[in-house]
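Listed below are the residues making up each chain.
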Amino acid sequence: MKRILLTNDDGYQSPGLLALKESLSTLGHLMIVAPASEKSACGHGMTLTRPLRFVKLEDDFYKLEDGSPTDCIYLALNALYQEGFMPDLIVSGINIGSNMGEDISYSGTASAAMEGVLHGIPSIAISQVLRDKNHFGFDFALAKQSIYKLAKAILENAYPLQAREFLNVNIPQLPPKDCKGFKITELGIRTYGNDAHVHRNPRGEEYYWLGLHPLAWNERENNETSDFEATKNGYVSITPITLDFTARNRLRTLENWVNANLENGGLA
């Protein structure tokens, strides 16, 4: 039987996580390890300054007290699985809200998938695009169908990506009958605004809430399909993500600049 590890960054009670569990339950043995509370936008953070504790909720379903999605994957692989019996697939989601463009650098959902491929395990991050994150009110039907098809294909066939690469999937807010299919995309260019709100407590001290940015983006010059455009036009967006952040097309340019401007590359 195939082994599948599930997590998310919205917390163990998230309806997205429960929908993910339901959609993949027939594909193999599921292990769920999720944060005890919401950890949205926590990035690829790992807890190193305090102990962490699994709390068993039911068979093969744990919450991790004060842990991040990265902690959930790292500890699950090292504490709940035995060598030689690692999961065949890791799926992080279904996130309530999109993770497109530069948002993946903040995303706990994407970071859990990053942690998975760091350990050599095929991994998927899946997120539900929402027009209003606070009033989604639907059953994740398209997301459930999409992740089932993707997970089944990966489990039954060779994983299509190289080492240290994962799939970032975003689901348009549509019923399945209105979806146009899957589209392979690149990360779009996310735009952000100033959404910091200042308030005062009863003692007159200032504090800030960071609000949610509207889902806005810029077009790429080469007009290739971005994840934003794909979901806007009714497609499920699938973006291959690599953990190699090196700007390889700039290596020679930077080398020439350093040699010309920094004492021929030396420190004397």
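Residues numbered from 1 in each chain as written. Predicted model: local features only at pLDDT ≥ 70, side-chain atom pairs only at ≥ 80, totals over all residues. Heavy atoms only, no water.

What should I look at first to understand the pairing of strand β7 (residues 165-171) in this one?
Successive residues of a regular strand alternate their side chains across the two faces of the sheet. Burial analysis of β7 places seven of its seven residues in the buried class, the great majority of the element. Judged by which residues are buried, β7 turns out to be covered on both faces: Glu-165, Leu-167, Val-169 and Ile-171 on one side and Phe-166, Asn-168 and Asn-170 on the other are all buried. Where strand β6 (residues 123-128) lies against β7, five bridges are found, and the strand directions are parallel. Considered in β7, the bridge of Ala-125 is made with Asn-168. Pairing between β7 and strand β13 (residues 236-242): six bridges, direction antiparallel. Paired with Asn-170 across the bridge in β13 is Ser-237. (Buried < 20%, exposed > 50% of the residue type's maximum accessible area, 1.4 Å probe, protein only. Helix = DSSP H or I, 4+ residues; strand = E, 2+ residues; numbered from the N terminus. Pairing = 2+ DSSP bridges.)

Whenever I open this one, the pattern of salt bridges confuses me. Can you help?
Working definition: two side chains of opposite charge can pair if their charged atoms are close together. Under the criterion given, the structure shown has eleven salt bridges. Between Lys-21 and Glu-58 there is a salt bridge whose closest N-O contact spans 3.1 Å. You can see Lys-21 sitting in helix α1 (residues 15-24) and its partner Glu-58 sitting in strand β3 (residues 54-58), a full 37 residues away along the chain. On the basis of relative accessible area, Lys-21 is assigned to the partly exposed category, the value being 27%. For Asp-66, the salt bridge goes to Arg-50, with nearest N and O atoms at 2.7 Å. One end of the pair, Asp-66, is in the loop between β4 (61-64) and α2 (69-80); the other, Arg-50, is in the loop between β2 (29-35) and β3, and 16 residues separate them in sequence. Since its relative accessible area comes to 38%, Arg-50 is described here as partly exposed. (Salt bridge = Lys/Arg side-chain N within 4 Å of Asp/Glu carboxyl O.)

Mind showing me how you'd approach unusual backbone geometry here?
Peptide bonds are, in most cases, trans, and in most cases residues other than glycine have a negative phi. Look at the link from Gly-93 to Ile-94: it is a cis peptide, with omega at -15°. A positive phi angle, near 60°, is found at Asp-60, a position not held by glycine. Note on placement: Asp-60 falls in the loop between β3 and β4. For Asp-60, a relative accessible area of 27% corresponds to the partly exposed category. Located in the positive-phi region is Asp-66, a residue other than glycine, with phi close to 60°.

Please clarify how the environment of Leu-20 should be interpreted in this entry.
Following the sequence through the fold, Leu-20 ends up in helix α1. Along the sequence, Leu-20 and Tyr-235 sit 215 residues apart, while their C-alpha atoms lie 19 Å from each other. When sequence neighbours within four positions are dropped, the list of residues in contact with Leu-20 reads Leu-6, Thr-7, Val-91, Gly-93, Ile-94 and Ile-147. (Contact = heavy atoms within 4.5 Å.)

What exactly am I supposed to notice about the side chain of Ser-23 here?
Relative to the helices and strands, Ser-23 is located in helix α1. Side-chain polar atoms of Ser-23 contact the backbone oxygen of Leu-20, separated by 2.8 Å. Other than its neighbours up to four places away in sequence, Ser-23 contacts Lys-144, Ile-147 and Tyr-148. (Polar contact = N/O pair within 3.5 Å; in protein donor to acceptor, adjacent residues only side chain to side chain.)

Worth remembering: the numbers are spatial, not functional.
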